[in-house]
Amino acid sequence: MKRILTVQDISCVGRCSLTVALPIISAAGVEAGILPTAVLSTHTMFKKFTFCDLTGEIEKISETFKELDLDFDAIYTGYLGSFEQLKLVSELFDRNRAENCQIVIDPVMADNGKLYPGFTPEFAKEMAKLCGKADLIVPNLTEASFMLDIPYNPDYDEDYIKELLKKLCTLGCRRAALTGISFDKSKLGVYSYDSETDEFFYYANDYLPVSYHGTGDIYASSLVGAMMCGHSVNSALKVAVDFTLECIKLTMADENRRTYGVNFEQALPYYIERLKKD
Ligand code: PXL
């Protein structure tokens, strides 16, 4: 069985970061090791939340993994909250990256043209440096724009996206995949570029006119799960688009839904079936 390590916070309620990554990766039949970077009562989009920083644990845990020869088939990072955490995670990559370990970075920090609370343009530039160490990064258009220090342009065309993807790979990562890309109002998907083969790839499924918090974490987690159970990167990018859409459909259909998160739990049986196909 493959084992991954995912490094991100625990938001106790709100369906994001580890409370999403752990069940989704487990559903893929992959062991999910976790390194919690902080414990919050909810994610930071709630009007009130507690925050307990675990930055001081990162190096100790990482060194202990190394001493115990615990290795990982992938290291997947999500929300990271400070410059210090970026530095420590960069060191963790150097220390805990075994041969053939895939590093996947979701540079969670912004959406819809705006940084999330607590993030700055300087942080985005440091995140860009961390992304240079990845095999695959999965920013949305806003995160990509902040990391490259260019204006956010939601009126893009295909040439613009291709150019952006090439620029993202000049950060040093092998592949970049831009999430939430749409060229017509009926479809939404992912556009990726592999700098080693010089190949682009686009896959889209139905676009639904709603926006729920946490879909990015669901996308990245289901992508890593699919990659770890034998899907090629392009096939895993597709699985994650289809699963995220299924989660959104179920959320829309839930009349009693709470005001946060996505009903990914009810879509897990779909994910398990979807993983059996290309
Ligand atoms: O969904 C991304 C995320 C993860 N963790 C925390 C967040 C957010 C987005 O706002 O606040 C703590």
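The rules behind each value
- Residues numbered from 1 in each chain as written.
- Predicted model: local features only at pLDDT ≥ 70, side-chain atom pairs only at ≥ 80, totals over all residues.
- Heavy atoms only, no water.
- Buried < 20%, exposed > 50% of the residue type's maximum accessible area, 1.4 Å probe, protein only.
- Helix = DSSP H or I, 4+ residues; strand = E, 2+ residues; numbered from the N terminus.
- Pairing = 2+ DSSP bridges.
- Near = heavy atom within 4 Å.
- Polar contact = N/O pair within 3.5 Å; in protein donor to acceptor, adjacent residues only side chain to side chain.
- Nonpolar A, V, L, I, M, F, W, Y, C, P; charged D, E, K, R; others polar.
- Salt bridge = Lys/Arg side-chain N within 4 Å of Asp/Glu carboxyl O.
- Contact = heavy atoms within 4.5 Å.
- Core = buried A, V, L, I, M, F, W, Y, C linked by side-chain atoms within 4.5 Å.

A. Seen up close, the pairing of strand β9 (residues 175-181). When you tally the buried positions in β9, you get six out of seven residues, the bulk of the element. Direction of pairing for strand β8 (residues 136-137) relative to β9: parallel, over a ladder of two bridges. Each residue of the ladder has a partner; that of L136, found in β9, is R175. Connecting β9 to the antiparallel partner strand β10 (residues 187-194) that follows it, the hairpin turn spans five residues.

B. Local environment of the pairing of strand β11 (residues 199-206). Inspection of the sheet shows β10 paired to β11 by eight bridges, in the antiparallel sense. Across the sheet, Y193 pairs through a bridge with F200, a residue of β11. Linking β10 to β11, which pair antiparallel, is a turn of four residues; within it D198 sits at a positive phi near 60°.

C. A look at the site of the ligand. Taken together, 13 residues are adjacent to the ligand, and D9, T44, Y79, H213 and D217 come closest. Between the ligand and the protein, one listed contact pairs an oxygen atom with a side-chain N or O atom of H213 at 3.4 Å. Looking at the shell around the ligand residue by residue, the classes come out as six nonpolar, five polar and two charged.

D. Highlighting the pattern of salt bridges. If you walk through the whole model with that rule in mind, you get 18 salt bridges. One salt bridge connects D194 with R175, and the closest N-O pair in it is separated by 3.1 Å. One end of the pair, D194, is in strand β10; the other, R175, is in strand β9, and 19 residues separate them in sequence. We note that D194, like R175, is buried. When salt bridges that share partners are traced, they join R174, R175, D194 and E196 into one network.

E. View of the environment of K66. In this fold, K66 is placed in helix α2 (residues 55-67). Considering only alpha carbons, one finds K66 and L208, 142 residues apart in sequence, at a separation of 44 Å. Discounting residues that sit within four places of it in the chain, K66 has contacts with R95 and N96.

F. Highlighting the side chain of D194. The buried category is assigned to D194, whose relative accessible area is 7%. Polar contacts involving the side chain of D194 include one to the main-chain amide nitrogen of T197, which spans 3.4 Å. In this view, D194 contacts R174, R175 and E199; residues no more than four positions away in its chain are not counted.

G. Representation of the nonpolar core in the model. Ranked by size, the top nonpolar core spans 46 residues in total, and within it I105, M127, I137 and L168 carry the most contacts. It is helix α4 (residues 121-131) that contributes the most residues to this core, six residues altogether. Ignoring sequence-local partners within four residues, the contact set of L168 consists of I137, P139, A144, M147, L148, C173, A176 and L178.

The values reported here are purely geometric and, on their own, carry no functional implication.
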